[in-house]
Amino acid sequence: VNIEVTPKNFNRVAAEAGKLILIQRLREAERNLVYTQYADKKGQIVVGVVQNSDKNGTIVDLGKVEAIIPTNKQVKTEKFKSHQRIKAYVEKVLPGGKYGPQIILSRNSPEFVKKLFELEVPEIIDGIVEIKGIARDAGSRTKIAVWSNDENVDPVGSLVGKKGLRIQPIIDELFGEKIDVVPYSDDIPSYIINALSPAPILAIDIKDDEKLATVVVPDEAISYAIGPGGQNVKLAAILTDWRIDIKTEKQIKENIVE
């Protein structure tokens, strides 16, 4: 039995107010749902479509919500086109206000490269290969140190893949950024030598109390060891968490004579 009932003092204004409150509550519930979904994605990689870019950053459509890659989270050498599909690292998820959650993405974080390798290398997901350290000069070069928990599995080969099959998609995603994959070692001298690859090392002296490594290289290899703008030695220092002083054979001999 249907009985039509008109509540006392019920009018159009009250009906509109009730409608607005209902819509508001629905929108709040929707925003909370989106926030919960993307809060769980913090520290992960998402795929989105570039909407537009301005001085504040790049807006990326993730499907149910828009995110932003702030200018200081972008790689200076990267230029995106509208409707271009890209990957990015979810750095922060903020509840936001009436416009919904604010999702902050990054393309220049070292963690972005780390997560890209986790997507490409099943040995990492299985726990056989571990990424022990990573240092990045975004847009130019990354050094990544890896370790294998199985002596039969080559950690460097696992990341590079046969004929570069695994590492190449990551290089492409990073628009040609160079990636050095080096073996991690608990032996500090060996680790520092690996980190300075591809520079040839003649000798290394460690001062544990100062956490300083003095590395000797052939005279003709000084540019390889230091790298353009000091990049190679800087990334090696970040990767190993040691200060590294590069010396040539000639400099060492001169110091001995003095």
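Conventions we followed
- For every chain, the first residue of the written sequence is number 1, and numbering continues from 1 onward in sequence order.
- Where totals are concerned, whole chains, interfaces and linings use all residues; where local detail is concerned, this predicted model gives features only for residues with pLDDT of at least 70, and gives and counts side-chain atom pairs only at 80 or more.
- Computation of side-chain values: all heavy atoms of the structure, hydrogens and water removed.
- By the criteria applied, helices consist of DSSP H or I runs no shorter than four residues and strands consist of E runs no shorter than two, each listed in order from the N terminus.
- With a 1.4 Å probe rolled over the protein chains alone, any residue whose accessible area is under 20% of its type maximum counts as buried; one over 50% counts as exposed, and the rest are partly exposed.
- Each polar contact in these results corresponds to two N or O atoms within 3.5 Å; when the atoms are within protein, one needs to be able to donate a hydrogen and the other to accept it, and residues that are neighboring in sequence are counted only if both atoms are side-chain atoms.
- Pairs of residues are marked as contacts when any of their non-hydrogen atoms sit within 4.5 Å.
- Side-chain rings of Phe, Tyr and Trp (the six-membered ring for Trp) are treated as a pair once their centres are within 6.5 Å; stacked means planes under 30 degrees apart, edge-to-face means over 60, and tilted covers the remaining angles.

Asks: Whenever I open this one, the side chain of Q74 confuses me. Can you help?
Replies: Residue placement: Q74 occurs in the loop between β3 (66–70) and β4 (85–94). Looking at Q74, the relative accessible area reads 18%, which means it is buried. Among the polar contacts made by the side chain of Q74, one reaches the side chain of T58 at a distance of 2.7 Å. With sequence-adjacent residues up to four places away left out, Q74 is seen in contact with G57, T58, I69 and N108.

Asks: Even after reading the chapter, I still don't get the packing of aromatic side chains, so can you show me in this structure?
Replies: A full pass over the atoms with the stated rule returns three aromatic pairs. Seen from their ring centres, Y184 and Y191 are 4.8 Å apart, and the 70° between their planes marks the pair as edge-to-face. Taken together, the ring pairs in this structure connect W147, Y184 and Y191 into an aromatic cluster.

Asks: Please clarify how unusual backbone geometry should be interpreted in this entry.
Replies: A negative phi holds for most residues other than glycine; trans holds for most peptide bonds. Geometrically, the link from S197 to P198 is a cis peptide bond, its omega value of 15° lying close to zero. Positionally, P198 belongs in the loop between α6 (188–195) and β9 (203–207). The backbone of H83 sits at a positive phi, close to 75°, despite the residue not being glycine. By the secondary structure assignment, H83 is in the loop between β3 and β4. You will see that K211, though not glycine, has its phi angle at about 50°, which is positive. K211 sits in the partly exposed class, given a relative accessible area of 34%.

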